[in-house]
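Now for the letters of each chain:
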Amino acid sequence: MTVPQPTTTPVHEHGRRSERLLELIAPKLQLVEEELRRNFQSQIKTIHEVGEHILGGGGKRLRPALLLLVSKMLRYEGYRDVVYGAVIEFIHTATLVHDDIIDEAEIRRGRTSINYRWGNNLTVLVGDYIFMHSMSMALAEGNLEILRLLSNVTIRMIEGEILGQEQNGRADLTLDDYFDVVGRKTAALFGACCRIPAYLTDTPEAHATSLFNYGFNLGVCFQLIDDLLDFTSSTEVLGKPALSDLKEGKITLPLILAMPRATAAERETIARIAALKAFDGDAPGEILEIVHKYGTLDQTRAMARDYAGRARAALLPFASSPAKETLEIALDFVMERDR
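Keep in mind that what you see is a predicted model, and the values were worked out from it rather than measured. (Residues numbered from 1 in each chain as written. Predicted model: local features only at pLDDT ≥ 70, side-chain atom pairs only at ≥ 80, totals over all residues. Heavy atoms only, no water.)

Now, about the packing of helix α5 (residues 80-103) against helix α7 (residues 120-141): what can you tell me, with residues and values included?
The geometry of α5 relative to α7 is characterised by a closest axis approach of 9 Å and an angle of 160 degrees between their N-to-C directions. Taken as axis vectors, α5 and α7 run roughly antiparallel relative to one another. Where α5 crosses over α7, the two elements pack in a sense that is left-handed. In terms of residue class, the contact of α5 with α7 is built from 15 nonpolar, eight polar and three charged. (Axes fitted to C-alpha atoms, helices over the stretch in contact; angles between N-to-C directions. Helix = DSSP H or I, 4+ residues; strand = E, 2+ residues; numbered from the N terminus. Parallel < 35°, antiparallel > 145°, perpendicular 65-115°, else oblique. Left-handed = near helix turned anticlockwise from the far one by under 90°. Nonpolar A, V, L, I, M, F, W, Y, C, P; charged D, E, K, R; others polar.)

Printed below as a string of structure tokens:
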């Protein structure tokens, strides 16, 4: 069987689409970047150096961008959304730092990972520092409701990480198992960053719930596309080798969908790689053939499209505006991204 070659959007085109998406909030997003840099300043040399390394790696800044776009849609004109944008990005960064330790990753966003460069002992402490510093920033803003939301979401994220570790190496996962982890580990933070601006404005609770639902469903969509890219993208574009998830013992949606349809030999191959966390004589091409054979990449994309549709529906209560239009475009961006 011939496995179709992955197609990706050229990096320069991807960059242009990102810029168009962020034009409306570019000045405030730059202020978020400045807040991040300012809050990485420390008399502790390692914290400062790690901060520079993290910021030098760039990143999509999708979560703070969503917060700023929702804030714009709700016509908030203050500075607090900038601070909370930085808080959200710090929480996200802390999870990435800890993930890299757990996964023993050597590369993050195409650069040497923090744990590979500084070692696990310092890196876990830096991750803890970033988490607590984000909460300190939120506490300084004095909004107890937002602080409670961020605390609850952070707890859910850690629970998701623990559940993910319990499931690691297992090939008998159900869809409920999978979506429980995705909801906690990924989607909840997306929901929170879209909910926060409602606390900064006079927004009815029903609309605030719609904003959380928009973010949550977009977050699920984002993770499903992330799963797809692990099968379809290249190391040069994605910044890590293809099929990295399986090699780390993670059974993601395309394989969960394939398992009930696969032959006994195919299921055994998937289970063996996940358990050993190594291909160990099994060619990655065999796994790609399985997901193509059963059409589960297309099925995963269809499910991502469904969640994007749910997110789009959550924006219906809001009046038309350039910010709302951009939030709708963000869904297309997530569906079409190549990294």
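If you had to explain the pattern of salt bridges to someone new, which residues and values would you point to?
Applying the stated criterion across every chain, the model contains 18 salt bridges. Close ionic contact of Glu89 with Arg61 constitutes a salt bridge, the shortest N to O distance being 3.1 Å. Within this pair, whereas Glu89 is found in helix α5, its partner Arg61 is found in the loop between α3 (45-56) and α4 (62-73), the two being separated by 28 residues in sequence. Here Glu89 and Arg61 have matching classes, each one buried. Notably, a salt bridge pairs Arg195 with Glu205, separated by 3.1 Å at the nearest N-O pair. With a gap of 10 residues between them, Arg195 in helix α9 (residues 175-200) and Glu205 in helix α10 (residues 205-232) connect regions that are remote in the sequence. Residue Arg195 is classed as buried on the basis of its relative accessible area, which comes to 8%. Salt bridges linked by common partners bring Glu33, Arg61 and Glu89 together as one network. (Salt bridge = Lys/Arg side-chain N within 4 Å of Asp/Glu carboxyl O. Buried < 20%, exposed > 50% of the residue type's maximum accessible area, 1.4 Å probe, protein only.)

Account for the packing of aromatic side chains, naming residues and giving values.
Counted under the stated rule, the structure contains five aromatic pairs. Relative to Phe179, the ring of Tyr178 has its centre 5.0 Å away and its plane inclined at 85 degrees; by these criteria the two rings are edge-to-face. Phe179 matches Tyr178 in its accessibility class, with the two residues each being buried. Among the aromatic residues, those joined into a ring-pair cluster are Tyr178, Phe179 and Tyr307. (Phe/Tyr/Trp six-rings, centres within 6.5 Å; stacked < 30°, edge-to-face > 60°.)

Break down the state of the cysteines for me, with residues and values.
One pass over the full model with this rule turns up zero disulfides. Cys194 provides the cysteine sulfur closest to Cys193, a residue in no disulfide bond, and the two sulfurs are 4.2 Å apart. Using a relative accessible area of 0% as the deciding quantity, one classes Cys193 as buried. (Disulfide = S-S within 2.5 Å.)

Requested: an account of unusual backbone geometry, with residues and values cited.
Non-glycine residue Arg75 carries a positive phi angle of around 65 degrees. Within the secondary structure, Arg75 sits in the loop between α4 and α5. Taking relative accessible area as the criterion, Arg75 reaches 74% and is therefore assigned exposed. Of note in the backbone geometry, Lys277 takes a positive phi value of approximately 55 degrees without being a glycine. Within the fold, Lys277 resides in the loop between α14 (264-276) and α15 (284-293).

Mind laying out a nonpolar patch on the surface, listing which residues take part and the relevant values?
Where nonpolar side chains cluster on the molecular surface, the patch consists of Leu122, Val124 and Leu125 and spans about 240 Å² of accessible area. Looking at Leu122, the relative accessible area reads 38%, which means it is partly exposed. (Patch = residues over 30% accessible without salt bridge, like charges linked within 9 Å, V, L, I, M, F, W, Y side chains within 5 Å. Areas by Shrake-Rupley, 256 points an atom, 1.4 Å probe, with all protein chains shown as cover.)

Quick rundown of the side chain of Arg337? Include the residues and the values.
Position of Arg337 among the secondary structure elements: in the segment after α17 (322-336). In terms of polar contacts, Arg337 uses its side chain to reach the backbone carbonyl oxygen of Phe222, at 3.0 Å. (Polar contact = N/O pair within 3.5 Å; in protein donor to acceptor, adjacent residues only side chain to side chain.)

If you had to explain helix α8 (residues 144-167) to someone new, which residues and values would you point to?
Given a rise of 1.5 Å per residue, 24 residues ought to cover 34 Å, and the 34 Å separating the end C-alpha atoms of α8 matches this to within 8%. Taken together, the buried positions of α8 are Ile146, Leu147, Leu149, Leu150, Val153, Thr154, Met157, Gly160, Glu161 and Gln167. Of the surrounding secondary structure, the elements contacted by the buried residues of α8 are α5, α7 and α9. Measuring from the backbone nitrogen of Glu145 back to the side-chain oxygen at the start of α8 gives 3.1 Å, which picks out Asn143 as the cap. Just downstream of α8, Gly169 is the residue with a positive phi angle, here 85 degrees. (Expected span 1.5 Å × (residues − 1). Contact = heavy atoms within 4.5 Å.)

Describe helix α16 (residues 296-314), naming the residues involved and giving the relevant values.
For α16, built from 19 residues, the straight-helix expectation of 27 Å at 1.5 Å per residue is met to within 8% by its first-to-last C-alpha distance of 27 Å. Every buried residue of α16 is accounted for by Thr296, Leu297, Thr300, Ala304, Tyr307, Ala308, Ala311 and Ala314. For α16, the arc enclosing every buried residue in end-on projection is 130 degrees, short of the 170-degree limit, so these residues lie on one face. Here the buried face of α16 lies against α9, α10, α13 (253-258), α15 and α17. (Arc of directions from axis to C-beta.)

Provide a residue-level description of the nonpolar core, including the pertinent values.
By size, the foremost hydrophobic cluster in this structure holds 103 residues, and its most contacted members are Leu66, Leu150, Tyr214 and Ile287. When residues in this core are grouped by element, the largest group, 13 residues, is from α9. When residues no more than four places from it in sequence are discounted, the contact partners of Ile287 are Phe231, Leu243, Leu246, Leu255, Thr269, Ile270, Ile273 and Phe279. (Core = buried A, V, L, I, M, F, W, Y, C linked by side-chain atoms within 4.5 Å.)

So what's going on with the packing of α5 against α8? Which residues, and what values?
Running from N to C, α5 and α8 cross one another at 15 degrees; their axes reach a closest spacing of 12 Å. Classified by the angle their axes make, α5 and α8 are roughly parallel. By crossing handedness, the relation of α5 to α8 is classed as right-handed. Residue-level inspection shows Tyr84, Val87, Ile88, Ile91, Thr95, Asp99 and Ile102 of α5 in contact with α8, the latter providing Ile146, Leu150, Thr154, Met157, Glu161 and Gln165. The class makeup of the residues in the contact of α5 with α8 is eight nonpolar, three polar and two charged.

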